[in-house]
Amino acid sequence: MHGFPDDNTSLDDLERLILDYSAERMRYDPPPLDRALTPEQLQEAAGTTITPQGLGGQAAMDLFADVLAPACLSVDHPRYLSFIPCAPTEAAAMFDLVVGASSIYGGSWLEGSGAVYAENQALRWVCDLVGLPEGAGGVFVPGGTIGNLSALVAARGRARHEAAQGTRPFRVATTSGAHSSIASACEVMDAELTPVEPDGRGRLNGPRLREVLLEHGPESYFAVVATAGTTNFGIVDDLTSVAQVCREFGIWLHVDGAYGGAGLAAPSVRHLYEGIEQCDSFIVDPHKWLFAPFDCCALVYREPGYARAAHTQKAGYLDVLTETSDWNPTDYSVGLTRRARGLPFWFSLATHGTQAYTTAVEKTLAVAAFAEDEIARREEFELVGERTLSIVVFRRRGWSAADYQAWSDRILDQEFAFVVPTTHEGETLARFAIVNPQTSTDDISAILDSMG
Ligand SMILES: *Cc1c(COP(=O)(O)O)cnc(C)c1O
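These numbers come from a predicted model, not from an experiment.

Honestly, the UniProt feature "modified residue: N6-(pyridoxal phosphate)lysine" (unreviewed entry) in the protein in this entry has me stumped. Any pointers?
This chain's UniProt record puts "modified residue: N6-(pyridoxal phosphate)lysine" (unreviewed entry) on Lys288. Within the secondary structure layout, lysine 288 lies in helix α10 (residues 286-289). With relative accessibility at 13%, the residue lysine 288 sits in the buried group. Beyond its immediate chain neighbours, meaning those up to four positions away, lysine 288 contacts Ile84, Pro85, Cys86, Ala258, Tyr259 and Val435.

Following this line, the structure appears as structure tokens:
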């Protein structure tokens, strides 16, 4: 690595600045929640940061530490329960520094074999959780959105390869509970998304799926997307009956476990996923409920050859890579250049062992169960839907949408908690997403108290 000839900060200084800051940030317990500033406030506080001569490392670091970082919410704060939080282990977060410092190209075996080997071991653990056979595999991509898109592109490739002459499968079936990235992938692919009405518990099931497929002709579909843990409620589709219908018609089954896939590691909820072993592709985001830092999605295929056929980029300057039988991660998803982004997850798994993951996921499930019980016990609250995994959605009786928003703004303003409302069937509701093992039952009680 190199500095610049006109460098105004020594390597020693940089090392101290960056490692000290990182170590200190990771020792915060809890970290400050922090809050967003307006562009005007940031302009005023930070001003122009890029100058011809440079600020020097110390001033740039001070600017980050004093102004910019406090204007970013700490997604690992134990009372950050919005969207899906991210609570990496120290091992994973610190190893991210190592990945950055190591100048590894993670796209090809030729260039990154050691990293790819380690990433593939972590992917194998994911395949084992799902129950995929030997030969299954895939790649770590930036997130569930790219993972879903990549899987659907592979599915379409297979369907069009196998389709009878003159038919071009162009449809995808899923429920309204599926993540917005499925609709987005269909937009990108110019595919048509067919909604399937969920059952009384919000799940995609086989009989309803079958009806919808028959309505348009199953040969017009190239994929069915089932969700293992919906983002809003944590609902797991009825995977056994869905898989059966997919098999009947030879349609690719993709299971989106971006959030909920982590529950596969928890014996107390593992039964909910029965049938998942029949999927053709699967994603889970370690940056959600598997304690890895952003950005990291594990994408795996039952038969990776279909993905390779769909995604391998061909060019004279790549022949040396593509004309081999090597495992090149880049051939299994949209994208070419890639960071070995699975390594922080791998390092943490290798360090702590898989049992620690089971324990941590079970802990968050127990805190979610506590939240559910508290909500049932307290007069002013009412649970909405069922709690399946670690997401709890509930109503504060008598509150309007404006009341939820005012409460949410107030507790963030106080840097006490970050809990944004959600909506379901037009109604504004409160929602906890609990994926941080440091979120305690006391945190839950305190947040509920704040809605009194
Ligand atoms: C979060 C989520 C996604 C999208 O993942 P990103 O990593 O945010 O791109 C897809 N599906 C489900 C079910 C999710 O919860």
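Past the structure itself, the notes keep going.
How should I be thinking about the site of the ligand in this particular structure?
For the ligand, the set of nearby residues contains 14 residues, the closest of which are Gly144, Thr145, Asp256, Asp285 and Lys288. In this structure, an oxygen atom belonging to the ligand sits 2.8 Å away from a side-chain N or O atom of threonine 231. Here the ligand loses 86% of its free accessible area of 380 Å² to cover by the protein chains. Elements supplying a minimum of two residues to the shell around the ligand: α6 (144-162) and α10.

Whenever I open this one, helix α4 (residues 90-101) confuses me. Can you help?
Working note: α-helix, 3.6 residues per turn, so residues spaced by three or four point in the same direction. The first and last C-alpha atoms of α4 sit 17 Å apart over 12 residues, in line with the 16 Å expected at 1.5 Å per residue. For α4, every residue scored as buried is listed here: Ala91, Ala92, Phe95 and Val99. All buried residues of α4 lie within an arc of 85° about the axis, which places them on one face of the element. As for α4, its buried residues are in contact with α13 (343-352). Backbone geometry just downstream of α4 places serine 103 in the positive-phi region, at approximately 50°.

What's the story with the domain arrangement of the protein in this structure? I'm lost.
Considered domain by domain, the protein is made up of domain 1 (1-73), domain 2 (97-352) and domain 3 (356-449). On a C-alpha basis, the centroid separation for the pair domain 1 and domain 3 is 34 Å. Every contact between the two is made by 5 residues of domain 1 and, on the other side, 7 residues of domain 3. Taking both partners together, domain 1 and domain 3 bury about 510 Å²; carbon and sulfur atoms supply 59% of that area. In this assembly, domain 1 and domain 3 are joined by 1 salt bridge. A salt bridge links arginine 35 to aspartate 413; the nearest nitrogen and oxygen atoms lie 3.1 Å apart. Tallied by class, residues from the side of domain 1 that touches domain 3 come to 2 nonpolar, no polar and 3 charged.

Please clarify how the sheet that holds strand β10 (residues 422-424) should be interpreted in this entry.
In sheet architecture, strand pairing relies on hydrogen bonds along the backbone and comes in two forms, parallel and antiparallel. Spatially, 4 strands are ordered β8-β9-β11-β10 in an open sheet, and the strand pairing comes out antiparallel. Two strands in the sheet have a free side with no partner beyond their single neighbour: β8 (381-383) and β10. Across the sheet, the mean angle from the axis of one strand to that of its neighbour is 45°, orientation sign disregarded. Relative to strand β9 (residues 391-396), β8 runs antiparallel, the two being bridged by 3 bridges. Each residue of the ladder has a partner; that of glutamate 382, found in β9, is arginine 395. Where helix α14 (residues 354-377) meets the sheet, it contacts β8, β9 and β11 (427-433), and its direction lies at approximately 15° from that of β9. Where helix α15 (residues 401-413) meets the sheet, its contacts fall on β9 and β11, and the angle it forms with β11 comes to roughly 35°.

Sorry, what's going on with the pairing of strand β5 (residues 252-256) here?
Taken residue by residue, a regular strand's side chains alternate between the two faces of the sheet. Within β5, 5 of the 5 residues are buried, which leaves the element mostly enclosed by the surrounding structure. Neither face of β5 is open: one carries Trp252, His254 and Asp256, the other Leu253 and Val255, and all of them are buried. Two strands pair when backbone bridges link them, and strand β4 (residues 221-227) and β5 are joined in this way by 5 bridges, in the parallel orientation. Within the sheet, the bridge partner assigned to valine 225 lies in β5 and is histidine 254. Handedness of the crossover joining β4 and β5 through helix α9 (residues 239-249): right-handed.

When you look at the packing of α14 against helix α16 (residues 441-449) in this model, what are you seeing that I'm missing?
Pairs of packed helices are described in terms of their axes, by the angle between the two and the distance that separates them. As a packed pair, α14 and α16 sit with axes 9 Å apart at the nearest point and diverge in direction by 30°. Of the two possible hands of crossing, α14 and α16 adopt the one that is right-handed. Across the interface between the two elements, Val367, Phe370, Ala371, Glu374 and Ile375 from α14 touch Thr441, Ile444, Ser445 and Leu448 from α16. Considering only residue class, the contact of α14 with α16 consists of 6 nonpolar, 2 polar and 1 charged.

Teacher, can you tell me more about a nonpolar patch on the surface here?
Together, Leu11, Leu14, Ile18, Leu19, Leu97 and Val98 make up a nonpolar patch on the protein surface, roughly 490 Å² of accessible area in all. Residue assignment for the nonpolar patch shows that the elements contributing at least two residues are α1 (11-27) and α4. Here the nonpolar patch takes 4 residues from α1, the largest share from any one element. Residue valine 98 is classed as partly exposed on the basis of its relative accessible area of 38%.

Quick notes on the rules
- Residues numbered from 1 in each chain as written.
- Predicted model: local features only at pLDDT ≥ 70, side-chain atom pairs only at ≥ 80, totals over all residues.
- Heavy atoms only, no water.
- UniProt positions renumbered as here; feature names shortened; annotations may be inferred.
- Helix = DSSP H or I, 4+ residues; strand = E, 2+ residues; numbered from the N terminus.
- Buried < 20%, exposed > 50% of the residue type's maximum accessible area, 1.4 Å probe, protein only.
- Contact = heavy atoms within 4.5 Å.
- Near = heavy atom within 4 Å.
- Polar contact = N/O pair within 3.5 Å; in protein donor to acceptor, adjacent residues only side chain to side chain.
- Areas by Shrake-Rupley, 256 points an atom, 1.4 Å probe, with all protein chains shown as cover.
- Expected span 1.5 Å × (residues − 1).
- Arc of directions from axis to C-beta.
- Domains from an automatic or database assignment.
- Buried area = accessible area lost by both parts, 1.4 Å probe.
- Salt bridge = Lys/Arg side-chain N within 4 Å of Asp/Glu carboxyl O.
- Nonpolar A, V, L, I, M, F, W, Y, C, P; charged D, E, K, R; others polar.
- Pairing = 2+ DSSP bridges.
- Axes fitted to C-alpha atoms, helices over the stretch in contact; angles between N-to-C directions.
- Right-handed = clockwise from strand over helix to strand, strands pointing away.
- Left-handed = near helix turned anticlockwise from the far one by under 90°.
- Patch = residues over 30% accessible without salt bridge, like charges linked within 9 Å, V, L, I, M, F, W, Y side chains within 5 Å.

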